[in-house]
Every structure is written in C-alpha cells, then in structure tokens.
Amino acid sequence: MTGPNLSLAQIHNRLILTARQILRQHEPEPDGRCPTCRSTGCRIADAARDVIRTVSQVRLWRVGTAPTTGDPDNRQQQE
Ligand SMILES: [Zn+2]
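Only a predicted model underlies this, so the values are computations on that prediction, with no experimental measurement involved.

Undergrad: Can you break down unusual backbone geometry residue by residue, with the values?
TA: Backbone geometry places Arg38, a non-glycine residue, at a positive phi of 65 degrees. Note on placement: Arg38 falls in the loop between α1 (8-25) and α2 (43-57).

Shown next, in the form of structure tokens:
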C-alpha cells in the first residue's frame with residue numbers, strides 16, 4: 001500500500017481511500033449485519049471509521065503554508 005517514495009499527502013490520501021473502501025465492503029445491511037463478516041457490530045467497520053476520523057483531523061501543513069510541489073531546492077531557500 002505504501003512505498004518509500006510516497007509523500008505524506010499521498011500516504012494520507014491512501015489511508016482515507018483504503019478506509020473508505022473497507023467501510024463500503026463492511027457497510028451494515030438493513031438487518032444490521034455486516035455483509036462480509038456476517039456479524040452485528042462489525043469491528044473492521046469501526047476501525048475504518050476510526051481511521052477516517054483520525055486521519056481527517058491530521059493537519060499536514062501549517063496554516064498559510066501550501067504544500068510544496070516544486071523544486072526541493074526552492075523549499076530550502078524559503079526556510
Ligand atoms: Zn465486517
């Protein structure tokens with residue numbers, strides 16, 4: 001899922017995408033049972049919700065600082 005060359009923003013986005021996919025697969029049916037686990041109160045869906053909630057609260061950049069996409073040398077000059 002993650003590799004050594006991914007930026008924090010890419011890892012952040014992949015965590016959210018993966019958690020959403022898991023949540024779709026474990027979304028409770030009208031009877032309250034998970035279609036994948038066949039149980040009520042699916043722990044995997046709970047974990048995916050926790051990941052989405054936690055990752056959504058993480059602030060990747062300081063206020064007023066846009067994510068840098070350009071030359072890394074320019075980043076050093078700004079500091
Ligand atoms: Zn489940």
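Undergrad: Can you lay out the confidence of the model for the protein chain for me, pointing to particular residues and giving the numbers?
TA: Reading fine detail from the predicted coordinates is not recommended where pLDDT is low. Mean pLDDT over the protein chain works out to 80, with 71% of the residues at or above the 70 mark. Counting interchain partners and residues more than four positions distant, the pLDDT-below-50 stretch residues 74-79 has 1 contact.

Undergrad: Quick rundown of the environment of Leu17? Include the residues and the values.
TA: Looking at the element boundaries, Leu17 is found in helix α1. For Leu17 and Ile52, which are 35 residues apart along the polypeptide, the C-alpha to C-alpha distance reads 8.9 Å.

Undergrad: For the environment of Cys42, give the residues involved together with the corresponding values.
TA: Of note, Cys42 is situated in the loop between α1 and α2. Sequence spacing of Cys42 and His26 is 16 residues, and the spatial spacing of their C-alpha atoms is 7.2 Å. The residues touching Cys42, leaving out its near neighbours within four places in the chain, are His26, Pro28, Cys34 and Cys37.

Undergrad: I'd like a rundown of the packing of α1 against α2, residues and numbers included.
TA: Running from N to C, α1 and α2 point in directions that differ by 150 degrees, and their axes come no closer than 9 Å. If you check the angle between α1 and α2, you find them roughly antiparallel. With respect to the hand of their crossing, α1 and α2 are arranged in left-handed fashion. Along its contact with α1, which presents His12, Leu15, Ile16, Ala19, Arg20, Ile22 and Leu23, the element α2 presents Ile44, Ala45, Ala48, Arg49, Val51, Ile52 and Val55. Residues of the contact of α1 with α2, tallied by class, amount to 11 nonpolar, 1 polar and 2 charged.

Rules used in this analysis
Residues numbered from 1 in each chain as written. Predicted model: local features only at pLDDT ≥ 70, side-chain atom pairs only at ≥ 80, totals over all residues. Helix = DSSP H or I, 4+ residues; strand = E, 2+ residues; numbered from the N terminus. pLDDT = per-residue confidence, 0-100. Contact = placed C-beta atoms within 7 Å. Axes fitted to C-alpha atoms, helices over the stretch in contact; angles between N-to-C directions. Parallel < 35°, antiparallel > 145°, perpendicular 65-115°, else oblique. Left-handed = near helix turned anticlockwise from the far one by under 90°. Nonpolar A, V, L, I, M, F, W, Y, C, P; charged D, E, K, R; others polar.

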